[in-house]
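Commentary on secondary and tertiary structure
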Amino acid sequence: MTELAIAFTLNGERRALRVPAHRTLLHVLRDDCGAVEVKEGCGEGVCGTCTVLLDGEPVSSCLVLAPRVAGRDVVTLRGLCEGDALHPLQEAFVAHGAAQCGFCTPGMILTAYALLRERPHPTRADVRRAIAGNLCRCTGYTKIVDAILAAAGPGEPRDGA
Amino acid sequence: MPAVPFDYHAPATLAEAVSLLGSLGEDAKPLAGGQSLLPLLTLRLVRPRAVVDLHRLDELRAVRRDGGTLEVGALVRHRALERGEGPLVLCPLLQEAAALIGNVRVRALGTIGGSLAHADPAAELPAAVRALDGTILVQGAAGARAIPAEEFFAGLLTTALRPDELLTAVRLPLPGPRTGHAVEEFSRRAGDFAIVAAFAVVQLDAAGRVAAARVALAGCGPTPRRLDAVERALVGLAPSEEEIRRVVAHRPLEIEPDSDVHASAAYRRHLAGVLTVRALARAAAGARAFGP
């Protein structure tokens, strides 16, 4: 078994710790860093609730080995807030009732955040495609898609969807 | 569940990685994007003594155009393929195939080399590379080899790679003029592996007749399959959808689908015919759009 020292940025703060090489980023975040806003669902990359942004891109933190994070930038849901102020996506989820049990919400919002950065005014179809890998077993997705579109705000029409 | 502990190596050069694999033998697993290996580790379906992490091997990230061929490094990610970054835009079939892989998170980390070496029979990229007549480049202690995709996929999750060899790149002939492509996939839910997927490339001559056609199927046997009889029968025809349907209906589909929890062999065979026609018809339409 290999143990190694890694340092990375978590929501803008530098973290340095020693981890066994076989630990996943998910467990580093939850168990070593106390970032329990990152949820463990399936543990095999399917459900999307453990989504974090790694150098800006959404990844399944359950499918990243800890050594891979050395020197990189990790953002969890908490990293989108400014102090106590919620991010506009979080506000939109609240306003649209897009969370029921809330377990999928961190992954949904981070995935939506990455989508809106790449495509600030997505169509409904863009949103559905972007969150296709994030499973919600409560709301049925309609309110989640509504919330993401509301957070994006009106933009230039694209393909009429 | 956490993976069973293993020794972790992150070699800095390809030579070092190959020599490590040579000395560790079957006890070691190379790690590329980790989107297949990590689930296998955490479900404890594999328990290697050592993991050789390839992420420092920047030499495997290159994409090069060399005359009529494109060489795609093993560590190029699905997202780069999907977005058609740099010279990858020259290979639209790869772009369309990559967009269908898993979910956006899998595509952010998964690599072309990892997918090819894992050789899942329902995966997109092995069948796409078969349809493109690709060549797999590998490096071992004994030297480098170039293996045609046809010989590379040897069986279920099994390739021609030896334990001390690493897949370094895939070489793809670039499409010529009047060439169209298409991928038609059926899966039950977004992000699922394909039940069946068809990957087609059609090149027309100046008169609008088929100069060459290639079609490969995923999900129809232990390895991706090419439909040789259909491909040969299409040459010289004006490829309307009716004509393609007639050819596919009257030629044997050289596939051996299995029944499993996802679909029966008979249903897979049915899908194979339908998706092959759709993919060839769309590829032919794309080729016609180039004009004479």
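Here is what the cut-offs are and how they apply
- Residues numbered from 1 in each chain as written.
- Chains lettered and ligands numbered in written order.
- Predicted model: local features only at pLDDT ≥ 70, side-chain atom pairs only at ≥ 80, totals over all residues.
- Heavy atoms only, no water.
- Contact = heavy atoms within 4.5 Å.
- Buried area = accessible area lost by both parts, 1.4 Å probe.
- Salt bridge = Lys/Arg side-chain N within 4 Å of Asp/Glu carboxyl O.
- Domains from an automatic or database assignment.
- Polar contact = N/O pair within 3.5 Å; in protein donor to acceptor, adjacent residues only side chain to side chain.
- Helix = DSSP H or I, 4+ residues; strand = E, 2+ residues; numbered from the N terminus.
- Buried < 20%, exposed > 50% of the residue type's maximum accessible area, 1.4 Å probe, protein only.

1. Notes on the interface of chain B and chain A
In this assembly, 30 residues from chain B lie in contact with 31 residues from chain A. Taken together, the two surfaces of chain B and chain A that pack against each other cover about 2,400 Å², and 54% of this comes from carbon and sulfur. Three residues stand out in chain B for area buried against chain A, namely Tyr8, Leu38 and Arg105 of chain B, and they jointly supply 28% of the buried area on that side. Taken together, the links from chain B to chain A amount to 6 salt bridges.

2. Description of the domain arrangement of chain B
Residues and elements named next belong to chain B. Taken domain by domain, chain B consists of domain 1 (1-52 + 61-174) and domain 2 (179-288). At the junction of the two partners, domain 1 supplies 22 residues and domain 2 supplies 21 residues. Carbon and sulfur atoms make up 61% of the area that domain 1 and domain 2 hide from each other, which totals about 1,800 Å². The largest share of the area that domain 1 buries against domain 2 comes from Glu96, Arg130 and Ala131, three residues that together contribute 27% of it. At the boundary of domain 1 with domain 2, the tally comes to 3 salt bridges. As a salt-bridge pair, Arg214 and Asp133 come within 3.8 Å of each other at their nearest N and O atoms. If you look at where domain 1 meets domain 2, you find 7 residue pairs in polar contact (both at pLDDT 80 or more). Counting only elements with at least two residues in the side of domain 1 that touches domain 2, the list comes to α4 (92-98), α7 (124-131) and β8 (153-155).

3. Re the pattern of salt bridges
Two side chains bearing opposite charge may form a pair once their charged atoms approach each other closely. On inspection of all chains with the given rule, the structure shows 31 salt bridges over all chains. Close ionic contact of Asp146 of chain A with Arg124 of chain A constitutes a salt bridge, the shortest N to O distance being 2.9 Å. Of this pair, Asp146 of chain A sits in helix α5 (residues 142-152) while Arg124 of chain A is found in helix α4 (residues 124-130), placing the two residues 22 residues apart along the sequence. Note on Asp146 of chain A: relative accessible area 26%, which makes it partly exposed. For Arg124 of chain A, a relative accessible area of 32% corresponds to the partly exposed category. Here Arg171 of chain B ties to Glu71 of chain B by a salt bridge, and the two come within 3.7 Å at their closest N and O atoms. Of this pair, Arg171 of chain B sits in strand β10 (residues 166-173) while Glu71 of chain B is found in strand β5 (residues 69-73), placing the two residues 100 residues apart along the sequence. Members of the salt-bridge network, linked through shared partners, are Glu57, Glu118 and Arg129 of chain A together with Arg79, Glu82, Arg83, Glu85 and Arg107 of chain B.

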